[in-house]
Amino acid sequence: MSTQTDTNKKDLLRGGQFIVRESKAEDIFTPEDFTDEQKMMKDSVTEFVDREIWPRKEEFEKKNYQLTEELMRKAGEMGFLGVSVPEEYEGLGMGFVTTMLVVDYISGATGSFSTAFGAHSGIGTLPITLYGTEEQKKKYLPKLSTGEWFGSYALTEPGAGSDANSGKTKAVISEDGKYYSITGQKMWISNAGFCNLMIVFARIEDDKNITGFIVEYDSENPNGISLGEEEKKLGIHSSSTRQVFFNDTKVPVENMLSERGNGFKIAMNALNVGRIKLAGACLDAQRRVIDGAVKYANERVQFKTAIANFGAIQSKLAEMATSAYVGESASYRAAKDIEDRINLRQEAGESHQDAELKGVEEYAIECSLLKVAVSEDLQNCTDEGIQIFGGMGFSADAMMESAWRDARITRIYEGTNEINRMLAVGMLVKKAMKGHVDLLGPATKVGEELTGIPSFDKPDYSILFAEEKELLANLKKVFLMVAGSAVQKFGAELEAHQQLLLASADILIEIYMAESAILRTEKNVKRFGEDSQKEQIAMSKLYLYKAVDIIVQRAKEGIVSFAEGDEQRMMLMGLKRYTKYQNQPNVVALRKVIAEKVIAENNYPF
Ligand SMILES: Cc1cc2nc3c(=O)[nH]c(=O)nc-3n(C[C@H](O)[C@H](O)[C@H](O)COP(=O)(O)OP(=O)(O)OC[C@H]3O[C@@H](n4cnc5c(N)ncnc54)[C@H](O)[C@@H]3O)c2cc1C
């Protein structure tokens, strides 16, 4: 059962191509495009969270690991753990957008449940869905998708975090060739305390790359596996996180995942999906924080008026709502591109398994960008949530304190945000070198444009988003100008210039996010009318305004650090030209429009 797509009609960009191509509003999937089936799924997940998880939020702060396990089991009974597992293995076999929607709405109440859900249904199950043999899938997926068993993912070691391929855990084949014996230590393993299965990565002999294994775990019959104590953590207090020790753990050879030495690839591909899903998992958390913040602001009276009436508070509410709206726009846009790519590959004759693997890999750049952007938006949102609550924000008796602590981990796991930023740019450069995305052609054109006479062709600025779209096209030129000349200058050495990569990644992020919001709003204006999208128009414009500022700052940092003399002067001039508004938006007025709606509805209404 997959969702309806217009795959054949749409101009489906390749991963990363957004930076050199313009997308049309009608080619963008938006949350307003959810099918009836998807809306039902959203309602049923929300009802589950509101009934089972949200009312027990306080218990989640008390390190109640059993509670997480109990609710995970209930989620399994409802079918939520198996949304992306094919029907023949007792899953719901839903498309990528629906699985994104489930992870979004199931994750908003507490980071503890969100982490358990992600570690189980994402990285704990996916390696089997994506790389398992028929026998492995038949044996394990039904148990995992119904919640009879829980999964975990054991990649990180004390000495191998971001450098995940450097793990020391060993897998040694037995003399009779029937099993591997795994010995080593894993760290920070989510769900370790209650899982029945671990996806374990270990090295065979002196292989360059690690190998993946499916390892069963039964505490009654531990097979050399022992667990450390629960880690004492800043947040996600009821998510089980432990060290796992393997001492001569025997794993049948048929439990190897894919081939010997393929583990790093498996680990990375599972993380690609994990990253976009993590962006999804941050969305409803933001919506719930905004709901809480505006309700408090409407009730809290100071200086004889509700604090919601103060411009200082309105500005925060407007920014918080904008970041949630933009995050939704970009996350679902990318999710649908992935789903369409998977469908296209299947139509071309690939198995679902191969199609899903390649479909997600295609958009690995977007997955990394989204992970970074939405996790940081959530962090900012919870921080402002605390500020709106004032002293109560600092109290563990109110909702913001735990939301803020829970949000913090999203910037660290599934690859730290530094690693994901650098990966995104690195992958784009690699795609350009392979000829999958033509960066060179457009970058050369930008170079010519910079030395030529500026065009005086101007769009009709009275048309909605004409100015914003012109700016977006120009911001892409900024990226090409900065990244293009950095690639030319440093070539293969670019990797060593991390600060430049980080700055380039920020430019990419801002463009993808701003463009996604503008296209979503444009699409909705066309079908629902401009009046119904007043606030969405304001959010799209407000986001772009701030994106331009960030891009100016990040690009300038790059230019002044690696370009000199005439080249520097020319690029700074280009930066000025490409980031110039013809008609500056009134940002205070935009924020007012957005805040008024949020305050009137007393929730996140978009
Ligand atoms: C609560 C929690 C749950 C987790 N769950 C799991 C799980 O279920 N399974 C699992 O396998 N792992 C899990 N992890 C591990 C997590 O993925 C790692 O913590 C993360 O990848 C970072 O690794 P590290 O902690 O070793 O940090 P390090 O790699 O030591 O990084 C420290 C700092 O250095 C930076 N850094 C590192 N390398 C570079 C570089 N090349 N260039 C620039 N900067 C760099 C990082 O960005 C970071 O800021 C979990 C972690 C936590 C805290």
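Parameters at a glance
Residues numbered from 1 in each chain as written. Predicted model: local features only at pLDDT ≥ 70, side-chain atom pairs only at ≥ 80, totals over all residues. Heavy atoms only, no water. Helix = DSSP H or I, 4+ residues; strand = E, 2+ residues; numbered from the N terminus. Rg over C-alpha atoms; globule rule 2.2 N^0.38 Å. Buried < 20%, exposed > 50% of the residue type's maximum accessible area, 1.4 Å probe, protein only. Contact = heavy atoms within 4.5 Å. Areas by Shrake-Rupley, 256 points an atom, 1.4 Å probe, with all protein chains shown as cover. Lys, Arg positive; Asp, Glu negative; His and termini not counted. Charge placed at Lys NZ, Arg CZ, Asp CG, Glu CD. pLDDT = per-residue confidence, 0-100. Axes fitted to C-alpha atoms, helices over the stretch in contact; angles between N-to-C directions. Parallel < 35°, antiparallel > 145°, perpendicular 65-115°, else oblique. Nonpolar A, V, L, I, M, F, W, Y, C, P; charged D, E, K, R; others polar. Phe/Tyr/Trp six-rings, centres within 6.5 Å; stacked < 30°, edge-to-face > 60°. Lys NZ or Arg CZ within 6 Å of the ring centre and 35° of its normal. Salt bridge = Lys/Arg side-chain N within 4 Å of Asp/Glu carboxyl O. Polar contact = N/O pair within 3.5 Å; in protein donor to acceptor, adjacent residues only side chain to side chain. Pairing = 2+ DSSP bridges. Disulfide = S-S within 2.5 Å. Near = heavy atom within 4 Å. 1 Å grid on protein atoms, 1.4 Å probe; cavity = no way out; pocket = protein on both sides within 12 Å on 5 of 7 lines; lining within 4 Å. Points joined across faces, edges and corners; volume = space filled by probe spheres on them.

Our next topic: the overall build of the protein chain. Each helix and strand in the protein chain was counted, giving 19 helices and 10 strands. On C-alpha atoms alone, the protein chain measures out to a radius of gyration of 24 Å, which is about the 25 Å that the 2.2 N^0.38 rule sets for 606 residues. On the principal axes, the C-alpha backbone points of the protein chain span a range of 75 × 60 × 45 Å. Of all 606 residues assigned to the protein chain, the portion counted as buried reaches 59%. Sequence-distant contacts in the protein chain: of pairs separated by 6 or more residues, those separated by 24 or more amount to 78%. When the accessible area of the protein chain is evaluated, it comes to approximately 25100 Å², of which 51% is carbon and sulfur surface. Of the side-chain charges in the protein chain, 73 are positive and 90 negative, and the distance between the mean point of each set is 3 Å.

Here the focus is the confidence of the model for the protein chain. In the predicted model, the protein chain carries a mean pLDDT of 96, and the fraction of residues at 70 or more is 99%. Long-range and interchain partners of residues 1-5, a stretch whose pLDDT sits below 50, account for 17 contacts in this model, where long-range means more than four residues apart.

So, on to the packing of helix α14 (residues 440-451) against helix α15 (residues 466-490). Running from amino to carboxyl end, α14 crosses α15 at an angle of 100 degrees, the nearest separation of the two axes being 9 Å. Classed by the angle they form, the pair α14 and α15 counts as roughly perpendicular. Where α14 abuts α15, its residues P442, A443, V446, E449 and L450 lie against K477, L480 and M481. Its residues assigned to classes, the contact of α14 with α15 comprises six nonpolar, no polar and two charged.

The subject of this paragraph is the packing of aromatic side chains. Taken as a whole and judged by the stated rule, the model has 16 aromatic pairs. Geometrically, the ring pair formed by Y140 and W149 is tilted, given 6.0 Å between the ring centres and 40 degrees between the ring planes. Taking 6.0 Å as the distance between ring centres and 65 degrees as the angle between the ring planes, the aromatic pair formed by F490 and F562 counts as edge-to-face. Of this pair, F490 sits in helix α15 while F562 sits in helix α17 (residues 534-562), placing them 72 residues apart in sequence. Both residues of the pair, F490 and F562, count as buried. These aromatic residues form a ring-pair network of at least three members: F48, F80, F113 and F117. A cation sits over an aromatic face here: R288 above W54, 5.0 Å from the ring centre.

All right, on to the pattern of salt bridges then. What the rule picks out here adds up to 47 salt bridges. A salt bridge links K24 to D27, with the shortest nitrogen-to-oxygen separation between them at 3.9 Å. Among the residues examined, K24 registers a relative accessible area of 44% and is labelled partly exposed. Overall, the relative accessible area of 12% leaves D27 in the buried class. Close ionic contact of R51 with E52 constitutes a salt bridge, the shortest N to O distance being 2.8 Å. Residues joined in a network through salt bridges with shared partners are E32, D50, D104, D284, R287, R288, E328 and R520.

What follows deals with the side chain of E366. Looking at the element boundaries, E366 is found in helix α11 (residues 364-389). Within the structure, the side chain of E366 is placed 2.7 Å from the backbone nitrogen of G16, a separation counted as a polar contact. Setting aside its immediate chain neighbours within four residues, E366 contacts R14, G15, G16, F18, A334 and Y512.

This brings us to the pairing of strand β1 (residues 151-154). Alternating residues of β1 divide into G151 and Y153 and S152 and A154, and every residue in both groups is buried. Summarising the sheet, β1 and strand β4 (residues 197-204) pair through four bridges and their orientation is parallel. Looking across to β4, one finds that G151 is bridged to L197.

Before going further, it helps to spend a moment on the state of the cysteines. According to the stated counting rule, one finds zero disulfides in the structure shown. Its sulfur unpaired, C367 is 14 Å from the next cysteine sulfur, which belongs to C282. C282 supplies the cysteine sulfur nearest to C381, a cysteine that is in no disulfide, at a spacing of 11 Å. For C381, a relative accessible area of 2% gives the class buried.

Within the structure, the ligand sits among 18 residues, and Y153, T156, S162, W188 and T416 are positioned closest to it. Contact between the ligand and S190: a nitrogen atom at 2.8 Å from a side-chain N or O atom of the residue. Here an oxygen atom of the ligand and a side-chain polar atom of T416 are 2.7 Å apart. Starting from 970 Å² of accessible surface for the ligand in isolation, the protein chains cover 67%.

So, about empty space enclosed by the protein. Inspection of the entire model under this criterion finds three cavities of 30 Å³ or more. Considering only enclosed or pocket space, the largest cavity measures out at about 200 Å³ in volume. For the largest cavity, the lining is made up of 26 residues, of which T110, G111, A285, L378 and D406 are closest to its centre. With six residues, the top contributor of residues to the lining of the largest cavity is helix α8 (residues 263-299). For the lining of the largest cavity, the class distribution of residues is 14 nonpolar, nine polar and three charged. Of the voids in this model, the second largest cavity is the one considered here, and its volume is about 100 Å³.

Tracing the sequence through the fold places K57 in helix α2 (residues 57-60). The buried charged residue K57 lacks any salt bridge, with E61 as its nearest oppositely charged partner at 5.5 Å. Leave out the neighbours within four places in its chain, and K57 touches A109, M399 and S402.

In this section: the layout of surface pockets. Of the voids in this model, the second largest pocket is the one considered here, and its volume is about 870 Å³. Contributing to the lining of the second largest pocket are 33 residues, with E449, E470, N474, K477 and Y578 lying nearest its centre. Residue assignment for the lining of the second largest pocket shows that the elements contributing at least two residues are α14, α15, α16 (498-528) and α18 (565-578). Broken down by element, the lining of the second largest pocket gets its largest block of residues, nine residues, from α15. Tallied by class, residues from the lining of the second largest pocket come to 14 nonpolar, five polar and 14 charged.

Relative to the assigned elements, K178 resides in the loop between β2 (170-173) and β3 (179-190). Remark: the alpha-carbon pair of K178 and P252, spanning 74 residues in sequence, is separated by 6.0 Å.

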